[in-house]
Amino acid sequence: MRSLVFLLLVSLAYTKIYDRCEWARVLKKNGMDGYRGYSLANWVCLSQWESNYNTRATNHNTDGSTDYGIFQINSRWWCEDGRTPGSVNACGISCSALLTDDVSAAIRCAQRVVRDPNGIGAWVAWTSHCQNRDLSPYVSDCGL
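Let me begin by describing the structure that accompanies this report. (Residues numbered from 1 in each chain as written. Predicted model: local features only at pLDDT ≥ 70, side-chain atom pairs only at ≥ 80, totals over all residues. Heavy atoms only, no water.)

1. Some words on the pattern of salt bridges
At step 1: This model, assessed by the stated rule, comprises 6 salt bridges.
At step 2: For Arg20, the salt bridge identified is with Asp141, shortest N-O distance 2.9 Å. In this pair, Arg20 sits in helix α2 (residues 20-29) while Asp141 sits in the segment after α5 (124-129), placing the two residues 121 residues apart along the sequence.
At step 3: Linking Arg56 and Asp101 is a salt bridge whose minimum nitrogen-to-oxygen distance equals 3.7 Å. In this pair, Arg56 is assigned in the loop between α3 (40-51) and β1 (58-60) and Asp101 in the loop between β3 (73-74) and α4 (104-114), connecting sequence segments 45 residues apart.
At step 4: The class of Asp101 is partly exposed, set by a relative accessible area of 35%. (Salt bridge = Lys/Arg side-chain N within 4 Å of Asp/Glu carboxyl O. Helix = DSSP H or I, 4+ residues; strand = E, 2+ residues; numbered from the N terminus. Buried < 20%, exposed > 50% of the residue type's maximum accessible area, 1.4 Å probe, protein only.)

So, in C-alpha cells, the structure goes:
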C-alpha cells in the first residue's frame, strides 16, 4: 500500500497543469492560433473544459476507450493504449505520449483530429461550452 501511495505522489509531482495564459502562449508558439480556422481562444476554451489544462488528465469512457492528456484525445480513434479493442490510432502514437509535459505530440494529434470532417466539433466539450460563444475572455488578458 505504501508503494502505491508513493507512486501516486510521484506521478502527481510530475503533472503539469498550465495556467490559462501560459497555455495560450504555448498554443500560439506552436501555431494553433488560426489553425484550420480555429482561433486561439477556441483551443484554450476546449482545453479548459476537457482537462482544466492538465497534461496528465485521463477519463475512462463507457465504451471502454480512454481520453488522454490536455486535449483528452480518445484511444478508440486517435492513439494506441493497448487496452482499447479495435483502436484506429489515426495519430500514429502511443496514448502515453499524450500524458507528458512535452505537449508537442498532443498538439500534433489535436491538429490531426481537426483535419477530419468534424473539425474541432469532434470534442463534445467544445460543442457544449465553446461553440457559438464569446471566447475572448479566454485570451484577452494574456497579452498576446
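2. Regarding the sheet that holds β3
At step 1: The strand order across the open sheet formed by 3 strands is β1-β2-β3, and the pairing between neighbours is antiparallel. The open sheet has two edge strands with one neighbour each: β1 and β3.
At step 2: Two strands pair when backbone bridges link them, and β1 and strand β2 (residues 66-68) are joined in this way by 3 bridges, in the antiparallel orientation. From the neighbouring strand, Thr58 faces β2, where its bridge partner is Tyr68. (Pairing = 2+ DSSP bridges.)

3. Quick look at the side chain of Ser87
At step 1: Turning to its location among the elements, Ser87 is positioned in the loop between β3 and α4.
At step 2: In terms of polar contacts, Ser87 uses its side chain to reach the backbone carbonyl oxygen of Cys79, at 3.0 Å. (Polar contact = N/O pair within 3.5 Å; in protein donor to acceptor, adjacent residues only side chain to side chain.)

4. Remarks on the state of the cysteines
At step 1: Summed over all chains, the structure comprises 4 disulfides.
At step 2: There is a disulfide in this structure between Cys21 and Cys142, and the S-S distance comes to 2.1 Å. Residues Cys21 and Cys142 are joined by a disulfide whose S-S torsion is about -75°; by sign, that bridge is left-handed. With a gap of 121 residues between them, Cys21 in helix α2 and Cys142 in the segment after α5 connect regions that are remote in the sequence.
At step 3: Residue Cys21 is classed as buried on the basis of its relative accessible area, which comes to 11%.
At step 4: Accessibility expressed as a relative area gives 8% for Cys142, which makes it buried.
At step 5: Here Cys79 engages in a disulfide with Cys95; their sulfurs sit 2.0 Å apart. (Disulfide = S-S within 2.5 Å.)

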